[in-house]
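A look at the structure
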Amino acid sequence: MSGDGASTTSEEQVRAIAADRAAFRSFLRDHSLPVTAQRLAIADVVLGTERHVSAEDVAEMLRRSGASAGTATIYRTLEVLVRSGLVVERDFGEGFKRYEASRGVPHHEHLLCSVCGRVTEFRDERLERMTTLLAEAHDFSRQRHRLVIYGLCGDCRRGAAQRPPLLPT
Ligand SMILES: [Zn+2]
Ligand SMILES: [Zn+2]
């Protein structure tokens, strides 16, 4: 579990990614869905990154790796990946969906930078306990929750500090 900035790939991660790819092939075969090079390339992109990618990001990453796929194919494949349970869909209210490899990722929350779009993950036991307490205080039995904190990441904030304010005060 890490933010978008992380690019370290441990041996364990490499094995997990390989297992995910194999699982996706099996899922396609088990459901009599065509195992095409395009579908596999799309799966490779999403399963091989720690980022929370949009369909547009996937298209861009495919282009950079020398592959390509139409928008419809990308969306259909993302849908299949979500159905397979290998990928989780996230809606941060940005007008588009993001996707992240699930890989048994434990429950976590997100911080979203409104300037550069970077997504950072975190988990905090105090917050988990607090959601139970809040639910109980409202005679509610807690099942699940999600939290997105919107704001500016450190890089954007430091960059922004050097620029003049957008509006005169
Ligand atoms: Zn930022
Ligand atoms: Zn996440």
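Quick summary incoming for the structure in this document. Worth saying up front: this structure is predicted, and the values here are computed from it rather than measured.

Concerning the overall build of the protein chain
Across its full length, the protein chain carries six helices and five strands. Going from N to C terminus, the protein chain has its helices and strands arranged as α-α-α-α-β-β-β-β-α-β-α. Within the span of the protein chain, comprising 169 residues, buried residues form 18% of the whole. Looking at the protein chain alone, contacts between residues at least 24 apart form 53% of all its contacts between residues at least 6 apart.

Overview of the environment of Leu 86
You can see Leu 86 is positioned in the loop between helix 4 (71-84) and strand 1 (87-91). Sequence separation between Leu 86 and Gly 104 is 18 residues; the distance between their C-alpha atoms is 8.6 Å. Sequence-distant contacts of Leu 86, defined by excluding residues within four places in its chain, comprise Asp 20, Ala 23, Phe 24, Leu 47, Leu 81, Ala 101 and Ser 102.

Regarding the nonpolar core
Ranked by internal contacts, the top residues of the largest apolar core, which has 17 residues, are Ile 42, Ala 43, Val 46, Val 58, Leu 81, Leu 86 and Val 87. Within the residue set of this core, elements represented by two or more residues are helix 2 (37-47), helix 4 and strand 2 (97-101). Looking at which element gives the most residues to this core, the answer is helix 2, with six residues. Val 87 has contacts with Val 46, Leu 81, Val 82, Tyr 99, Glu 100, Ala 101 and Ser 102, leaving out every residue within four places of it along the chain.

Concerning the sheet that holds strand 5 (residues 148-151)
Reading across the sheet, the three strands line up as 4-3-5 and stay open at both edges, with mixed pairing between neighbours. The outermost strands of the open sheet, each flanked by one partner alone, are strand 4 (119-122) and strand 5. Averaged over all adjacent pairs, the angle separating strand axes in this sheet is 20°, with direction ignored. When strand 3 (residues 109-113) meets strand 4, the two strands line up antiparallel, connected through four bridges. Looking across to strand 4, one finds that Leu 112 is bridged to Val 119.

Remarks on the pairing of strand 2
Put simply, side chains in a regular strand alternate between the two faces of the sheet. Within strand 2, four of the five residues are buried, which leaves it mostly tucked inside the rest of the structure. Sheet topology note: the strand 1/strand 2 ladder contains five bridges and is antiparallel. Residue pairing across strands places Arg 90 opposite Arg 98, the latter belonging to strand 2. Hairpin geometry of strand 1 and strand 2 is characterised by an intervening segment of five residues between the two adjacent antiparallel strands and by a positive phi of about 70° at Gly 93.

Quick word on unusual backbone geometry
If you check the backbone angles, Ser 32 has positive phi at about 50° while not being a glycine. If you trace the backbone, Ser 32 turns up in the loop between helix 1 (11-30) and helix 2. With 6 C-beta atoms packed within 10 Å, Ser 32 lands in the exposed category. A positive phi angle is found at Asp 139, which is not glycine, with a value near 55°.

Notes on helix 2
Since there are 3.6 residues in each turn of an α-helix, residues three or four apart along the chain are aligned in direction. Among all positions in helix 2, only Arg 39, Ala 41, Ile 42, Ala 43, Val 45, Val 46 and Leu 47 are buried. In this structure, the buried side of helix 2 is in contact with helix 1, helix 3 (55-64), helix 4, strand 1 and strand 2.

What counts, and where the lines are drawn
Residues numbered from 1 in each chain as written. Chains lettered and ligands numbered in written order. Predicted model: local features only at pLDDT ≥ 70, side-chain atom pairs only at ≥ 80, totals over all residues. Helix = DSSP H or I, 4+ residues; strand = E, 2+ residues; numbered from the N terminus. Buried ≥ 20, exposed ≤ 12 C-beta atoms within 10 Å, placed from the backbone. Contact = placed C-beta atoms within 7 Å. Core = buried A, V, L, I, M, F, W, Y, C linked by C-beta atoms within 7 Å. Pairing = 2+ DSSP bridges. Axes fitted to C-alpha atoms, helices over the stretch in contact; angles between N-to-C directions.

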